[in-house]
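# Working through the structure, step by step
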Amino acid sequence: ECENGQVDNVGAVVTTSTQKVKKYQGSGYVFLFNTKITMYVDVPKAGRYRVFVVGTSDDGNNKCDYFQVNGGEKYLTSYLGSSKGEWKLSQPGTEFWENNELHPIAPTDGFEFKAGTNVIEITANWGYCAYDSVILEPIQ
């Protein structure tokens, strides 16, 4: 849950407002302005994982922010304005544009996580995006 992460309350806020987004999971979500969300994620087994970030555009504009695991390479998340207020899954990936829309291409081998605590950061790029949670799926 993104609301359990660390935010600086200047460039990101934890909120429970459903005025602009539909029902969220957990106790709230993070609205990211111009800073970052830092989450500490415990992983039971080291390995490669597919990552899905649950987020949305709350204002009908396309959104794009940066995503990193353990300080590694920066990837992109993307949410289309056409899905305004509806939570969508974005697999962080490299930049790919189609029909003037950003559709990141996720790494086929996922992201490397160590056993124990890992750090996931979502940093504002275009910003002004809502984030609910991050889902990890082990790659066999």
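Everything here concerns the structure above.
All of these numbers come straight from a predicted model, not from anything done at the bench. Starting afresh in each chain, residues are numbered from 1 along the sequence in its written order. Since the coordinates come from a predicted model, pLDDT governs what is reported: local features require at least 70, and pairs of side-chain atoms require 80 or more to be given and counted, while whole-chain, interface and lining totals use all residues. Neither water nor hydrogens contribute to the side-chain values; these are computed over all heavy atoms in the structure.

### Things to note about the nonpolar core
Among soluble globular proteins, nonpolar side chains are generally buried collectively. Among buried residues, those of type Ala, Val, Leu, Ile, Met, Phe, Trp, Tyr and Cys that are joined through side-chain atoms within 4.5 Å constitute a nonpolar core. Only protein chains enter the accessibility calculation, which uses a 1.4 Å probe; a residue whose area is less than 20% of its type maximum is buried, one above 50% is exposed, and one in between is partly exposed. Ranked by internal contacts, the top residues of the largest apolar core, which has 23 residues, are I37, V53, F67, F113, I122, Y131 and V134. Helix numbers and strand numbers start at the N terminus; a helix is a DSSP run of H or I with at least 4 residues, a strand a run of E with at least 2. Within the residue set of this core, elements represented by two or more residues are β2 (29-32), β3 (36-43), β4 (47-56), β5 (63-69), β6 (75-79), β10 (111-113), β11 (116-123) and β12 (129-138). One finds V21, Y29, F31 and A130 within the second-largest nonpolar core, a separate group that totals 7 residues.

### Focus: the side chain of S83
Counting through the fold element by element, S83 comes out in the loop between β6 and β7 (88-90). Identification of polar contacts relies on pairs of N or O atoms within 3.5 Å, with a donor-acceptor requirement for protein atoms, meaning one able to donate a hydrogen and the other able to accept it, and with residues adjacent in sequence counted only if both atoms are side-chain atoms. Polar side-chain contacts of S83 include one of 2.9 Å to the backbone oxygen of L80. By definition in these notes, contact holds between two residues if any of their heavy atoms fall within 4.5 Å. Beyond its immediate sequence surroundings of up to four residues, S83 is in contact with T56 and K88.

### Overview of the layout of surface pockets
Lining residues are defined by having an atom within 4 Å of a point belonging to a cavity or pocket. Those points lie on a 1 Å grid over the protein atoms alone, cavities being sets where a 1.4 Å probe fits but cannot get out and pockets being open sets with protein on both sides within 12 Å along at least five of seven lines. Grid points are joined across faces, edges and corners, and a volume is the space filled by probe spheres set on the points. What the largest pocket holds in volume is close to 160 Å³. Lining of the largest pocket is provided by S78, Y79, L80, S83, K88, L89, S90, Q91, L102, H103, P104 and A106. Looking at the lining of the largest pocket, the elements that each hand over two or more residues are β6 and β7. Looking at the lining of the largest pocket, the element that brings in the most residues is β7, giving 3 residues. Asp, Glu, Lys and Arg are counted as charged, while Ala, Val, Leu, Ile, Met, Phe, Trp, Tyr, Cys and Pro are counted as nonpolar; the rest, among them Gly, fall into the polar class. Grouping the amino acids of the lining of the largest pocket by side-chain chemistry returns 6 nonpolar, 5 polar and 1 charged.

### Structural notes on the environment of G5
With respect to the element layout, G5 can be found in the segment before β1 (12-15). Each C-alpha atom, one on G5 and one on G93, is 21 Å from the other, the two residues being 88 residues apart in sequence. Excluding anything up to four places from it in sequence, G5 contacts T38 and M39.

Treat this as a map of the structure, not an account of what it does.
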